[in-house]
Amino acid sequence: MPRAAYLDWNATAPVRPEVAAAMAEALARCGNPSSVHRFGRAARQALEAARAEVAALIGAAPGEIVFTSGGTEANQLALRGLKGRRLLVSALEHDSVRQVAPEAEPIPATPTGVVDLAALERMLAGGAAVVSLMLANNETGAIQPVADAARLAHAHGALLHCDAVQAAGKIPVAIGALGADLLSLSAHKLGGPQGVGALAVRDAVPLAARQTGGGQERGRRAGTENLPGIVGFGLACRIAAERLEEGAGVERLRDLAERRLAALAPEAPIYAREVPRLPNTLSIGMPNVPASTQVMALDLAGVMVSAGAACSSGKLRRSAVLDAMGVPPEAAESAIRISLGWSTVEADIDQLVDAWGALYVRLRARSAA
Ligand code: PLP
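Residues numbered from 1 in each chain as written. Predicted model: local features only at pLDDT ≥ 70, side-chain atom pairs only at ≥ 80, totals over all residues. Heavy atoms only, no water.

1. Observations concerning the overall build of the chain
- Each helix and strand in the chain was counted, giving 13 helices and eleven strands.
- In terms of overall size, the chain behaves like a compact globule, its C-alpha atoms giving a radius of gyration of 21 Å where 369 residues would be expected to give roughly 21 Å.
- Summarising its shape, the C-alpha atoms of the chain cover approximately 75 × 55 × 35 Å along the three principal directions.
- For the chain, buried positions account for 55% of its 369 residues.
- Pairs at least 24 residues apart make up 71% of the contacts formed inside the chain by residues separated by at least 6 positions.
- For the chain, the exposed area adds up to about 15300 Å²; of that, 57% sits on carbon and sulfur atoms.
- Measuring between centres, the 36 positive side-chain charges of the chain sit 4 Å from its 36 negative side-chain charges. (Helix = DSSP H or I, 4+ residues; strand = E, 2+ residues; numbered from the N terminus. Rg over C-alpha atoms; globule rule 2.2 N^0.38 Å. Buried < 20%, exposed > 50% of the residue type's maximum accessible area, 1.4 Å probe, protein only. Contact = heavy atoms within 4.5 Å. Areas by Shrake-Rupley, 256 points an atom, 1.4 Å probe, with all protein chains shown as cover. Lys, Arg positive; Asp, Glu negative; His and termini not counted. Charge placed at Lys NZ, Arg CZ, Asp CG, Glu CD.)

2. Details of the sheet that holds strand 7 (residues 182–186)
- Strand order across the open sheet formed by seven strands is 2-8-7-6-5-3-4, with mixed pairing between neighbours. Both edges of this open sheet fall to strand 2 (65–68) and strand 4 (105–107), since each of them pairs with a single strand only. With strand direction ignored, the average angle separating the axes of adjacent strands in the sheet is 20°.
- Alignment of strand 2 against strand 8 (residues 197–201), held across four bridges, turns out to be antiparallel. What sits directly across from Ile65, in strand 8, is Ala200.
- Across the face of the sheet, helix 2 (residues 38–58) comes into contact with strand 2, strand 7 and strand 8 while running at roughly 110° to strand 2. (Pairing = 2+ DSSP bridges. Axes fitted to C-alpha atoms, helices over the stretch in contact; angles between N-to-C directions.)

3. Quick look at the packing of aromatic side chains
- According to the stated counting rule, one finds four aromatic pairs in the structure shown.
- Ring pairs connect the aromatic residues Tyr6, Trp9 and Trp342, which therefore count as one cluster. (Phe/Tyr/Trp six-rings, centres within 6.5 Å; stacked < 30°, edge-to-face > 60°.)

4. Examining the pattern of salt bridges
- Taken as a whole and judged by the stated rule, the model has 19 salt bridges.
- One salt-bridge network, in which partners are shared between bridges, spans Arg44, Glu48, Arg51 and Glu217. (Salt bridge = Lys/Arg side-chain N within 4 Å of Asp/Glu carboxyl O.)

5. Re helix 9 (residues 246–264)
- Along its 19 residues, helix 9 runs 28 Å from first to last C-alpha, staying within 8% of the 27 Å computed at 1.5 Å per residue.
- Along helix 9, the residues that are buried comprise Gly247, Val250, Leu253, Arg254, Leu256, Ala257, Glu258 and Leu261.
- Turning to helix 9, the residues buried within the fold contact strand 9 (281–285), strand 11 (335–339) and helix 13 (346–368). (Expected span 1.5 Å × (residues − 1).)

6. Topic: the packing of helix 10 (residues 291–300) against helix 13
- Running from N to C, helix 10 and helix 13 point in directions that differ by 130°, and their axes come no closer than 10 Å. In this view, helix 10 runs oblique relative to helix 13, as classed from their interaxial angle. Helix-helix and strand crossings are classified by hand; for helix 10 and helix 13 the assignment is right-handed. In contact with Thr293, Gln294, Ala297 and Leu298 of helix 10, helix 13 contributes Leu352, Ala355, Trp356 and Leu359. (Parallel < 35°, antiparallel > 145°, perpendicular 65-115°, else oblique. Left-handed = near helix turned anticlockwise from the far one by under 90°.)

7. Observations concerning the site of the ligand
- Near the ligand there are 14 residues, and of these Gly71, Thr72, Asp163, Ser186 and Lys189 occur at the shortest range.
- Gln166 places a polar side-chain atom, nitrogen or oxygen, 2.8 Å from an oxygen atom of the ligand.
- Residue Ser186 places a side-chain N or O atom 2.6 Å away from an oxygen atom belonging to the ligand.
- Starting from 390 Å² of accessible surface for the ligand in isolation, the protein chains cover 85%.
- Broken down by element, the shell around the ligand gets its largest block of residues, three residues, from helix 3 (residues 71–80). (Near = heavy atom within 4 Å. Polar contact = N/O pair within 3.5 Å; in protein donor to acceptor, adjacent residues only side chain to side chain.)

8. Details of the packing of helix 2 against helix 8 (residues 227–242)
- Packing of helix 2 against helix 8 leaves a shortest axis separation of 8 Å and a crossing angle of 35°. Note that helix 2 runs across helix 8; the crossing there is left-handed. Taken together, the residues of helix 8 that come into contact with helix 2 (itself represented by Ala43, Ala46, Leu47, Ala50, Glu53, Val54 and Leu57) are Leu227, Ile230, Val231, Phe233, Gly234, Leu235, Cys237, Arg238, Ala240 and Ala241.
- Its residues assigned to classes, the contact of helix 2 with helix 8 shows 14 nonpolar, one polar and two charged. (Nonpolar A, V, L, I, M, F, W, Y, C, P; charged D, E, K, R; others polar.)

9. Some points on the side chain of Glu217
- By secondary structure assignment, the location of Glu217 is in the loop between strand 8 and helix 8.
- Looking at Glu217, the relative accessible area reads 5%, which means it is buried.
- A distance of 2.9 Å separates polar atoms of two side chains, one belonging to Glu217 and the other to Arg51.
- In terms of polar contacts, Glu217 uses its side chain to reach the backbone amide nitrogen of Phe67, at 2.7 Å.
- If sequence neighbours within four positions are ignored, Glu217 has contacts with Leu47, Arg51, Ile65, Val66, Phe67 and Glu225.

See the structure below:
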């Protein structure tokens, strides 16, 4: 078995060991945060401490944080919870935003991989709306002009929702500076567990609950809280905030991978290279080689990456993000996403470059024959 080189951090990041330990401890304790007795009060205290840590990562007030089952639920709560408004959704969004409502109107993107603000402004002139724009794209890493979009939205009486799932923990995120009215987070992209997330809701936003019942989360999301998960999420946010500078080392390795792959195959397109990107993400295409072939060949060599967007069925399909950027279908079908994180080392990059290079040389020799 070849050594494992995990380069699919945008799909999920490993749980930080400190987080796993804190979660195990929380699991071993009994207590419902809604109970008034001492076990309940201790659980409430742990819940509120985690809420403060999540809020601190994005500069929000603790009372603005609503815990959810992940980024998907946070996105859906935001956009379904603002009833009766026109929905303008960037064409670059994750499926959990793009598929929220059939009547959502797509905001086009530019070929560089960012949303088209001029188009957004024209669309906003059509009446009050909710705009949904992610902070960083999960496939290309392109950082979106959220603060500019929020200014435009507010000038037209619209609200702005920002999916910051891929950005949080990788770059600084400040809800106030972004001007977002609602902001989604997911624990498993930043060293916490899968199945936990949060929606930050600014105080004046009239959000309707999607789930009613016991009145948890100040009536905004009913159901007994996933306390071990939330405790892990809180700690993961604290560690992410403390170690944001790890991003510089990650970026150096990403740039190394980019340079070495581009040297092997100078004609390989690298997407969103002209705009600011997350430090950990590289979207590259091997011309005329389906992404699925690359992903499988790399997997055999121990290197784990993904093809555009992976769907839950495990099937691979062409990236809607690259489509929205106007990348021709044959090129979009050849794009893979390589994403790094805090424990990535140079040997992972060596393994990637060797395996991708070997495939490239083999297929080129075959097509020349
Ligand atoms: N938003 C973005 C940009 C994502 O990349 C993802 C996950 O890949 C999600 C939302 C969904 O988050 P979760 O897996 O926590 O539901």
